[in-house]
Amino acid sequence: MGVLVKTTVNGDAVEFTCDEGEVLLDVLRNRLGLTGAKEGCGTGDCGACSVILDGRLVCSCLVLGAEMNGKKVETIEGMAEGQKLHPLQQAFIDHAALQCGVCTPGFLMAADALLRKNPDPTEEEIRFGLAGNLCRCTGYDKIVRAVQAAAKEMRGA
Amino acid sequence: MQAGTIRELFRKLSEQYPGMEPHIKRGVAVSINGKIYRDQWDTPLPEGAEIYLMLRVPGG
Amino acid sequence: MVTLNENNNPSEAAAPTTSEPHVNGTHNSDLVKRDFKVIGSRPRRPDGIDKVTGRARYGADFNFPGQLVGLVLRSPHAHAEIVKIDTSKAEKLPGVKAVITSADLPDHTGGDRNMFDILENCMARKKALYDGHAVAAVAAVDAATARKALKLIDVKYKLLPHVTDVDEALKPGAPLIHDNVFTEGVEPKPTKPSNWCKRAEYGHGDVDAGFRDADVVISRSYKTEQTHQGYIEPHSVSASVSPDGMAEMWMCTQGHFVFRNQCAQLLGMEASKLRTTSSEIGGGFGGKTHLWVEPLALALSRKANRPVKITMTREEVFRCTGPTSSASMDVKIGAKKDGTITAAFAELRFHGGAFPGMWAELGAMTAFACYDLKNVKTVSKDVIVNRPKTAAYRAPSSPIAAFAVESAVDELAKAIGMDPVDFRIKNAAKEGTKSSYGPVYGPIGIGPTLAAAKNHPHMKAPLGKNQGRGMACGFWFNFGGQTCVDVNVTPDGFVNVAQGTVDVGGSRASIAMAVAEELGLPYESVRSNVADTATLGHNDMTDGSRGTFSSSMAAIFATRNAIKVLRERAAKTWEIPVGEVEWKDGAAHAKGVHHGNRPPLTLKEIAAQAGNTGGPVAGHAEITADGAGVSFATHIADVETDPETGRSLVKRYTVIQDAGKALHPSYVEGQFQGGAAQGIGWALNEEYVYGKDGRLQNAGFLDYRIPVCSDLPMIDTQILEIPNPNHPYGVRGVGETSIVPPLAALGIAVTNATGVRQTHVPMSPPRVLKSIKSKAK
């Protein structure tokens, strides 16, 4: 009695069957083996499960897997291009913008979504752009600096 | 009381004050001249050293 | 052509010499002043790529083949007798493979009260002691079946009156939570049980006389509310127990060796048969130093004879795991007009949740630790309430006590018309000061942090409308503990390190740096991994700011032992005495007139020949890393408080702390910033809210709001390096102290912004608004 869903994940055509009430996060983690998105709360408050759905940042714990038919899902696993890290990924490593790292995939998704819309954000715009993601280790200082550095690099500045 | 190491101190304390033994078994720390030792019972106690028995504190 | 020294038989030369004992727990402290090549640089962390690509595996990212889903049934009542639990319907549900209650967890603790408390906290026995206390657990083929099974368990409760407030719990006639707790530390020994589990007293001198000598005495009461460590990763454990008693566990923990030992004891297993792997850990801050569901997963797996995975929900994390105490404190301090403190007193009442704790006592020890006081006395009262068992949270209790004491110090400085920084400098503890908790201090770092604060540009920056500045000091003990490290040279000439302390903030990088430094190799040649409990000796947890301090110490000693082996191998290869071989810059060098012109033998060359010179090259160290050295910090905070709403925003924040020696400065800064941010959350917003029914009202991140990115400014850091003589590189633990000053620094800042002394943390908008309005009346 599952729902058959045909969708695109990180550019690959994917087919899965899921329960009607099953959230995208559980589909990614339990059915597709993509455990980069984390469940920090299951209520859309922490952003650790952030993915980009048809170009829009969402908490994958708040959308249903059954609704993914014909959509495009981007997760942390698709962010690097082969061996080459995305400038945001590289900046997070270079600027020590992670400690435990469990929030990092969500932050990278959120930062990516922000920079696509606004390639040259102010510090305040970065802070509000990332306000849906919780980090308990860093105090956000190094995360903001990493996003600033990546944005600059991506602009070719 | 004369003791050359933490171990000797604990042994003598337990002998002279049997009430201390459960506390020592439960875990105490020893401050020797301001430095706190928790585990190294062969740590020497220097002549005239200031010795304090302390709560073995937990940490985050 | 170099001739062999014929007085030395090469085979003798290669044998271990008595003049160079196995390095274990000793060091050469003059190395502290050496020029470092790797230490102090900022290389990339070895776990970086895995963490930015989603490959890193945390607690919930692991699965055993054929595993079951474990779920826990929790008491909805704050205090209730468990009259009967009927699990028969749940057991009959198809797909349910095991149901357990406390009957499946017999007492193996042998009279050890602490272990029994852990056992009873993991699964309620006769009574449910708080909202969320586990009463039963199930393992089923999937989550839906497990959820159904929980609903089929019939628990008959007899409700009992409850108490969740620390002061109420002390009152005569308060609901009694344990009938076997008699106040420790009072004479005569009480004959009746109570919720007051322990009294302790610290201090010296004569405080009454000291107060009589004072020109000004400040006296006030303070409160702080209960907070949670708020790590982003909920607890998750996967356990697999075989019928022959062999077992495996994968979990997120701050100490997999300690968890193994405790789980083995609670389950009546042999520790050697329980192999435990720590996953990447998604934050802990003390909350992952305690067992919660791990023994339940083992018990379920044992009963079902299948692997079982339990992953907590966020709501469970809030309702059932490690919050701090909430506290109520009275502080009195007196000073002369010249700024000399003549006496200081505090009574601290903290709760340990539903079990006896020593949290108030920790507050009593740390409260006045920053100051040089002739007359000081602190009294602690540890109290039991119907809330979850208190767990350590980063420098446990110290931030609470510092809030009260530093606020009082600020008020007193103002009352005698002295600058609060100068007042603290005048009274700061220094080498030779008798600390308020007993011992006399050696060289300590409070003075330098205060001097740095006084000279910091932040202290002189102008403030805007409705803005206020506060500064405060903080103290934490730090400790070391049991630690071991293996250093293995690989046949291709690189180095693998096995550390036993869980990496919570970059310690794998820091420890690899220390090993590279000792060997004279580039950082990239060394990789450190966290070993599981079957492959390395016991290690204490990553707590007490000990992870990098103690594992880097063990790693340095282990590397020195490996270097000794490397020198022996070079001596064998060269057929010269080992005494004529020295190690520098990643290679063995023959020294002395006879051999000086030999080309050095690199680590790579020695590794390649290892099979012909005696086998694999390795070094080990097993140490008790005592002598961690106490830690101090000074913070400066600017806030803007909206007088209409009472909302406070942090505008600028500076952390100044002594790191001894910063192995990897970025990670030291990260600890400073992270601790400050947690303290800011505690100061301004975070609190457990209990209803009259004794139930937690805000068990989620929406209503228990931790600081988000837009709540905070950049957090400036200043690392002071006053070498710790007890570590070969001078390292001091840095993880915890940074959470100590923020509550007070912000309390003082909001006081200065509003003109009303803030005495109750968190200073949430309604609370601050109320304080402003009460003053206006």
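Residues numbered from 1 in each chain as written. Chains lettered and ligands numbered in written order. Predicted model: local features only at pLDDT ≥ 70, side-chain atom pairs only at ≥ 80, totals over all residues. Heavy atoms only, no water.

A count of helical and extended segments in chain C gives 22 helices and 27 strands. Relative to a compact globule of 777 residues, whose C-alpha radius of gyration would be 28 Å, chain C shows 28 Å and is just as compact. Projected onto the principal axes, the alpha-carbon positions of chain C cover approximately 95 × 75 × 55 Å. Counting only residues that meet the buried cut, chain C has 65% of its 777 residues in that class. Long-range contacts, defined here as pairs at least 24 residues apart, represent 79% of the contacts in chain C between residues at least 6 apart. For chain C, the accessible surface area stands at approximately 27000 Å², while carbon and sulfur atoms represent 51% of it. Here chain C carries 86 positive and 82 negative side-chain charges, and the mean point of each set is 5 Å from the other. (Helix = DSSP H or I, 4+ residues; strand = E, 2+ residues; numbered from the N terminus. Rg over C-alpha atoms; globule rule 2.2 N^0.38 Å. Buried < 20%, exposed > 50% of the residue type's maximum accessible area, 1.4 Å probe, protein only. Contact = heavy atoms within 4.5 Å. Areas by Shrake-Rupley, 256 points an atom, 1.4 Å probe, with all protein chains shown as cover. Lys, Arg positive; Asp, Glu negative; His and termini not counted. Charge placed at Lys NZ, Arg CZ, Asp CG, Glu CD.)

Within the largest apolar cluster, 193 residues are counted, with the highest numbers of intra-cluster contacts made by Phe-92 of chain A together with Leu-296, Leu-298, Phe-368, Tyr-437 and Phe-477 of chain C. Not counting residues up to four positions away in its chain, the partners in contact with Phe-477 of chain C are Ile-36, Met-54 and Val-57 of chain B together with Leu-362, Met-365, Thr-366, Tyr-437, Gly-629, Val-630 and Ser-631 of chain C. Core analysis: the second largest hydrophobic core is formed by 54 residues, Leu-519, Ala-571, Ile-576 and Leu-603 of chain C among them. (Core = buried A, V, L, I, M, F, W, Y, C linked by side-chain atoms within 4.5 Å.)

Take the interface of chain C and chain A next. Size of an interface: often given as the accessible area lost when the parts come together. Listed by partner, the interface residues are 49 residues for chain C and 44 residues for chain A. At the boundary of chain C with chain A, total buried surface from both sides reaches about 3800 Å², with 60% on carbon and sulfur atoms. Its largest share of buried area at the contact with chain A, chain C owes to Val-52, Cys-709 and Met-714 of chain C, together 21% of the area lost on that side. The tally of links between chain C and chain A comes to 5 salt bridges. Note that Lys-38 of chain A is salt-bridged to Asp-61 of chain C, the shortest N-O span being 2.4 Å. Where chain C touches chain A, the interface holds 25 residue pairs in polar contact (both at pLDDT 80 or more). When contributions to the side of chain C that touches chain A are tallied by element, the ones reaching two or more residues are helix H2 (48–53) and helix H20 (665–684) of chain C. If you tally residues by element for the side of chain C that touches chain A, the top one is H20 of chain C, at 9 residues. Considered class by class, the residues forming the side of chain C that touches chain A number 25 nonpolar, 16 polar and 8 charged. (Buried area = accessible area lost by both parts, 1.4 Å probe. Salt bridge = Lys/Arg side-chain N within 4 Å of Asp/Glu carboxyl O. Polar contact = N/O pair within 3.5 Å; in protein donor to acceptor, adjacent residues only side chain to side chain. Nonpolar A, V, L, I, M, F, W, Y, C, P; charged D, E, K, R; others polar.)

Next up on the list: the arrangement of the chains. Between chains A and C lies the most contact-rich interface of the 2 pairs of chains that touch. There is a gap between chain A and chain B: no contact, and a shortest C-alpha distance of 13 Å.

All names here are of chain A. All told, the structure shown has 0 disulfides over all chains when counted by the stated rule. Take Cys-41: it sits in no disulfide, and the sulfur closest to it among the cysteines is that of Cys-46, at 3.8 Å. Residue Cys-61 stays outside any disulfide, its sulfur separated by 3.8 Å from that of Cys-49, the closest cysteine. (Disulfide = S-S within 2.5 Å.)

Bringing the packing of helix H2 (residues 87–94) of chain A against helix H3 (residues 104–117) of chain A into the picture now. All names here are of chain A. Two numbers describe how H2 lies on H3: the axes approach to 10 Å, and their chain directions differ by 130 degrees. When the axes of H2 and H3 are compared, the pair comes out oblique. For the pair H2 and H3, the crossing hand works out as right-handed. Only Thr-104, Phe-107, Leu-108, Ala-111, Asp-112 and Leu-115 of H3 make contact with H2, whose side of the interface consists of Leu-88, Gln-89 and Phe-92. Tallied by class, residues from the contact of H2 with H3 come to 6 nonpolar, 2 polar and 1 charged. (Axes fitted to C-alpha atoms, helices over the stretch in contact; angles between N-to-C directions. Parallel < 35°, antiparallel > 145°, perpendicular 65-115°, else oblique. Left-handed = near helix turned anticlockwise from the far one by under 90°.)

The subject of this paragraph is the sheet that holds strand S6 (residues 154–159) of chain C. Residue and element names in this part refer to chain C. Pairing in this open sheet of 3 strands is antiparallel, and the strands run S4-S2-S6 from one edge to the other. At either margin of the open sheet sits one strand with a lone partner, and together these are strand S4 (127–128) and S6. Two strands pair when backbone bridges link them, and strand S2 (residues 80–86) and S4 are joined in this way by 2 bridges, in the antiparallel orientation. Each residue of the ladder has a partner; that of Ala-80, found in S4, is Ala-128. (Pairing = 2+ DSSP bridges.)

This next bit is on the pattern of salt bridges. Residue and element names in this part refer to chain C. Taken as a whole and judged by the stated rule, the model has 55 salt bridges over all chains. Of the charged contacts, one joins Lys-37 and Asp-585 as a salt bridge, the two residues approaching to 3.5 Å between their closest N and O atoms. Of this pair, Lys-37 sits in the loop between helix H1 (10–14) and H2 while Asp-585 sits in the loop between strand S20 (581–584) and strand S21 (587–590), and the two are 548 residues apart along the sequence. Each member of the pair, Lys-37 together with Asp-585, is exposed. Here Asp-422 and Lys-454 are joined by a salt bridge, their closest N and O atoms 2.9 Å apart. Highlighted residues: Asp-422 in helix H13 (residues 420–427) and Lys-454 in helix H14 (residues 446–455), separated in sequence by 32 residues. When salt bridges with common partners are traced through the structure, they connect Arg-45, Asp-47, Lys-51, Glu-280, Asp-503 and Arg-508 into a single cluster.

So, about the domain arrangement of chain C. Residues and elements named next belong to chain C. According to the domain assignment, chain C consists of domain 1 (14–43 + 480–624), domain 2 (59–160 + 235–311) and domain 3 (327–478 + 629–776). Each of domain 1 and domain 3 has a C-alpha centre, and the two are 39 Å apart. On the side of domain 3, 24 residues touch domain 1, which itself brings 29 residues to the contact. Counting each side, the surface lost to burial between domain 1 and domain 3 is near 2000 Å², with a carbon and sulfur contribution of 62%. At the surface where domain 1 touches domain 3, the tally comes to 1 salt bridge. We note a salt bridge from Arg-42 to Glu-669, for which the minimum N-O separation is 3.0 Å. Counting across the interface, domain 1 meets domain 3 through 11 residue pairs in polar contact (both at pLDDT 80 or more). Secondary-structure elements contributing two or more residues to the side of domain 1 that touches domain 3 are helix H16 (507–519) and helix H17 (547–574). At 7 residues, the largest contribution of residues to the side of domain 1 that touches domain 3 is made by H17. Along the lines of polarity and charge, the residues of the side of domain 1 that touches domain 3 split into 12 nonpolar, 12 polar and 5 charged. (Domains from an automatic or database assignment.)

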